[in-house]
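Residues per chain, in single letters:
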Amino acid sequence: MRAGPLLDHAPREGVRTFTPRWRNSALTDSRMANLLPARALPEGPLVPSVAFGREGPVVVEIGSGHGAAAIAFCLARPDADLVAVDVHVPGVARMLAAAQEAGVDNLWVHPGDALPFLTERVAPDSLDAVHLFFPDPWPKQRHAKRRFLQQHTLELLASRLVPGGVLLVATDSQAYAAHARSQLARHGRWSVVQGERPDWRPDDGFEAKGVRAGRAVTELACTLRP
Ligand SMILES: C[S@@+](CC[C@H](N)C(=O)[O-])C[C@H]1O[C@@H](n2cnc3c(N)ncnc32)[C@H](O)[C@@H]1O
């Protein structure tokens, strides 16, 4: 599949939003080998009827970590299919084990970088929502180019969401919240409402860590304007 509409802000060559540094344990390897096949997407373009066996609302979570939010969403919204995307294999393996334990059947998993996944495999106008919860904050100004929300990623998300689709962002970094608000305003296609944590999202993981450290959480619900 071609990349869809051209991006008017190209990603910078070699700039990644994550640090690819980890070791897989034997448990991680065995979970990936045994549990991933049932939740992996078929190769090539994402075709909901083929991948999920139905055509309901489709949500992508970017940087799903160990999957608590993804699993909770799937339990709360059995009508929807959610694709959880993360590069960090040990986290993906934990999510697979937790999803099996929870018995969810509408959670799908793509272990990899969300940018090429969205660019090359997700069709324009095909997602109902994108979730970005506690993205790596990259707090130093010289690393700001690594923050996930940039003009080119907002353009990519806007092209993949249906009109009226929603981008949910949560962060416990004040610097990231300010960065997100300014990127969204500059992009100009989002109605942004600052609000509450979605009632289905558990407050564990990075959120709990931030709250324990006394950091306030910013929740942004961003609706794509036509
Ligand atoms: C700070 S963690 C938050 C994890 C989870 N959302 C939570 O709230 O517990 C950020 C996650 O984003 C992932 N990540 C960063 N850039 C990514 C990208 N381009 N594609 C997929 N995952 C990415 C990292 O591997 C990491 O697991």
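Higher on the page you've got the structure.
Residues numbered from 1 in each chain as written. Predicted model: local features only at pLDDT ≥ 70, side-chain atom pairs only at ≥ 80, totals over all residues.

Student: How would you explain the overall build of the protein if you had to name every residue and give the values?
Tutor: The helix and strand tally for the protein stands at eight helices and seven strands. For 226 residues, the compact-globule estimate of 2.2 N^0.38 gives 17 Å, and the protein sits close to it at 17 Å. When the 226 residues of the protein are sorted by exposure, 36% land in the buried category. Taking the intrachain contacts of the protein between residues at least 6 apart in sequence as the baseline, contacts between residues at least 24 apart amount to 80%. (Helix = DSSP H or I, 4+ residues; strand = E, 2+ residues; numbered from the N terminus. Rg over C-alpha atoms; globule rule 2.2 N^0.38 Å. Buried ≥ 20, exposed ≤ 12 C-beta atoms within 10 Å, placed from the backbone. Contact = placed C-beta atoms within 7 Å.)

Student: Got a sec to walk through the pairing of strand E2 (residues 81-86)? Specific residues and values, please.
Tutor: Where burial is concerned, most of E2 is hidden: six out of the six residues are buried. Where burial is concerned, the two faces of E2 agree: the one with Asp81, Val83 and Val85 and the one with Leu82, Ala84 and Asp86 are both buried. Where strand E1 (residues 58-62) meets E2, five bridges bridge the pair, whose relative direction is parallel. Paired with Val60 across the two strands is Val83, which belongs to E2. Pairing of E2 with strand E3 (residues 107-111), which is carried by five bridges, proceeds in the parallel orientation. The residue of E3 that forms the bridge with Val85 is His110. Where the polypeptide runs from E2 across helix H4 (residues 89-102) and back to E3, its parallel neighbour, the crossover connection is right-handed. (Pairing = 2+ DSSP bridges. Right-handed = clockwise from strand over helix to strand, strands pointing away.)

Student: Break down the nonpolar core for me, citing the residues and quoting the values.
Tutor: Counting 52 residues, the largest nonpolar core has Ala70, Leu82, Leu107 and Val130 as its most contacted members. In contact with Val130, not counting residues within four places along its chain, are Val60, Ile62, Leu157, Leu161 and Leu167. (Core = buried A, V, L, I, M, F, W, Y, C linked by C-beta atoms within 7 Å.)

Student: Residue-level account of the site of the ligand, with values.
Tutor: As a structural note, the neighbourhood of the ligand is formed by 21 residues, with Gly63, Gly65, Ala114, Phe134 and Gly205 the closest of them. Residue assignment for the shell around the ligand shows that the elements contributing at least two residues are E2, helix H5 (114-121) and helix H8 (205-212). For the shell around the ligand, the class distribution of residues is eleven nonpolar, seven polar and three charged. (Near = placed C-beta within 6 Å. Nonpolar A, V, L, I, M, F, W, Y, C, P; charged D, E, K, R; others polar.)

Student: Before we move on, could you go through the packing of helix H3 (residues 68-76) against H4 and cite the residues and values that matter?
Tutor: Where H3 contacts H4, the axes come no closer than 10 Å and their chain directions differ by 25 degrees. One way to sum up the angle between H3 and H4 is to call them roughly parallel. Our pair here, H3 against H4, has a crossing hand that is right-handed. On H4, the residues that touch Ala70, Ile71 and Leu75 of H3 are Met95, Ala98, Ala99 and Ala102. Partitioned by chemical class, the residues of the contact of H3 with H4 number seven nonpolar, no polar and no charged. (Axes fitted to C-alpha atoms, helices over the stretch in contact; angles between N-to-C directions. Parallel < 35°, antiparallel > 145°, perpendicular 65-115°, else oblique. Left-handed = near helix turned anticlockwise from the far one by under 90°.)

Student: Go over the environment of Val162, please, and point to the residues and values.
Tutor: Tracing the backbone shows Val162 in strand E5 (residues 161-171). Between the C-alpha atoms of Val162 and Pro226, which are 64 residues apart in sequence, the distance is 8.8 Å. Beyond its immediate stretch of four places on either side in the chain, Val162 contacts Asp125, Leu127 and Asp128.

Student: Any details on the environment of Ala72? Residues and values, ideally.
Tutor: Of note, Ala72 is situated in helix H3. Residues contacting Ala72, with those up to four places away along its chain left out, are Trp200, Arg201 and Pro202.

Student: Now, about the pairing of strand E4 (residues 127-133): what can you tell me, with residues and values included?
Tutor: Moving residue by residue along a regular strand, the side chains alternate between the two faces of the sheet. Among the seven residues in E4, six count as buried, and that is most of the element. Both E1 and E4 contribute to a ladder of three bridges, which runs parallel. Looking at the pairing, Glu61 lines up with His131 of E4. With six bridges connecting them, E4 and E5 associate as parallel partners. Directly across from Ala129, in E5, lies its bridge partner Val166. In this fold, E4 hands off to helix H6 (residues 151-160), which returns the chain to E5; that crossover is right-handed.

Student: Run through the sheet that holds E1, naming residues and quoting values.
Tutor: If you walk across this open sheet you meet the seven strands as E3-E2-E1-E4-E5-E7-E6, and the pairing is mixed. The two strands at the open ends of the sheet, each matched to only one other strand, are E3 and strand E6 (190-194). In this sheet, neighbouring strand axes are inclined to one another by 20 degrees on average, regardless of whether the strands run parallel or antiparallel. Packing against the sheet, H4 makes contact with E2 and E3, and its axis sits at approximately 165 degrees to E3.

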